[in-house]
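Residue strings, one per chain:
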Amino acid sequence: MTTSFAAVSSTASFAFSSEAREMCTGDAFRLCSSEIPNIPKITACMMKHRSDLSAGCRAVMDRDLAAQRGKLASQ
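Below or above, wherever it landed, is the structure these notes cover. Values in this document were obtained by computation on a predicted structure and should not be read as measured data.

Another aspect to go through is the pattern of salt bridges. For the structure shown, the criterion picks out four salt bridges. Glu-19 is paired through a salt bridge with Arg-63; the nearest N and O atoms lie 2.9 Å apart. In this pair, Glu-19 is assigned in helix α1 (residues 18–32) and Arg-63 in helix α3 (residues 55–73), connecting sequence segments 44 residues apart. Exposure remark for Arg-63: the relative accessible area of 40% places this residue in the partly exposed category. Between Asp-62 and Arg-50 there is a salt bridge, with the nearest N and O atoms lying 2.4 Å from each other.

This is how it looks when you write it as structure tokens:
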């Protein structure tokens, strides 16, 4: 399977950084492969399995989510 976590790189409301895609590709395949290539479902799956994510993936996702919330709050 050649699809990567890049498939979850953007949704209507959230975009993951390239670092998050790099750190989370393995987690996406491990936890959410059945949702590929449906971007909203992969994103929801990754959020649902947050406690099961690798430490690196969880850290960059948390950082990206916080940055996105900050952007939304300032709009």
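Having put the structure on the table, let's press on.
The subject of this paragraph is the nonpolar core. With 13 residues, the main nonpolar core has Cys-24, Cys-32, Met-46, Leu-53, Cys-57 and Met-61 as its most contacted residues. Only α1, α2 (39–48) and α3 provide two or more residues apiece to this core. Broken down by element, this core gets its largest block of residues, five residues, from α1. When residues no more than four places from it in sequence are discounted, the contact partners of Cys-57 are Met-23, Cys-24, Asp-27 and Met-46.

What follows covers the packing of α1 against α2. Where α1 contacts α2, the two axes come as close as 10 Å, and the packing angle between them is 95 degrees. The angle between α1 and α2 places the two elements in the roughly perpendicular class. From α1, Cys-24, Asp-27, Ala-28, Leu-31 and Cys-32 reach across to α2, where they touch Ile-42, Cys-45 and Met-46. Residues of the contact of α1 with α2, tallied by class, amount to seven nonpolar, no polar and one charged.

Turning our eyes to something else, we now look at α3. Compared with the 27 Å implied by 1.5 Å per residue over 19 residues, the 27 Å span of α3 between its first and last C-alpha is a close match. Listed as buried for α3 are Cys-57, Val-60, Met-61, Asp-64, Leu-65 and Gln-68. Viewed along the axis of α3, the buried residues span an arc of 140 degrees, placing them on a single side of the element. For α3, the exposed residues set more than 90 degrees away from the buried face come down to Ala-55, Arg-69 and Ala-73. Among the structural elements, α1 and α2 are those in contact with the buried residues of α3.

Definitions and cut-offs
Residues numbered from 1 in each chain as written. Predicted model: local features only at pLDDT ≥ 70, side-chain atom pairs only at ≥ 80, totals over all residues. Heavy atoms only, no water. Salt bridge = Lys/Arg side-chain N within 4 Å of Asp/Glu carboxyl O. Helix = DSSP H or I, 4+ residues; strand = E, 2+ residues; numbered from the N terminus. Buried < 20%, exposed > 50% of the residue type's maximum accessible area, 1.4 Å probe, protein only. Core = buried A, V, L, I, M, F, W, Y, C linked by side-chain atoms within 4.5 Å. Contact = heavy atoms within 4.5 Å. Axes fitted to C-alpha atoms, helices over the stretch in contact; angles between N-to-C directions. Parallel < 35°, antiparallel > 145°, perpendicular 65-115°, else oblique. Nonpolar A, V, L, I, M, F, W, Y, C, P; charged D, E, K, R; others polar. Expected span 1.5 Å × (residues − 1). Arc of directions from axis to C-beta.

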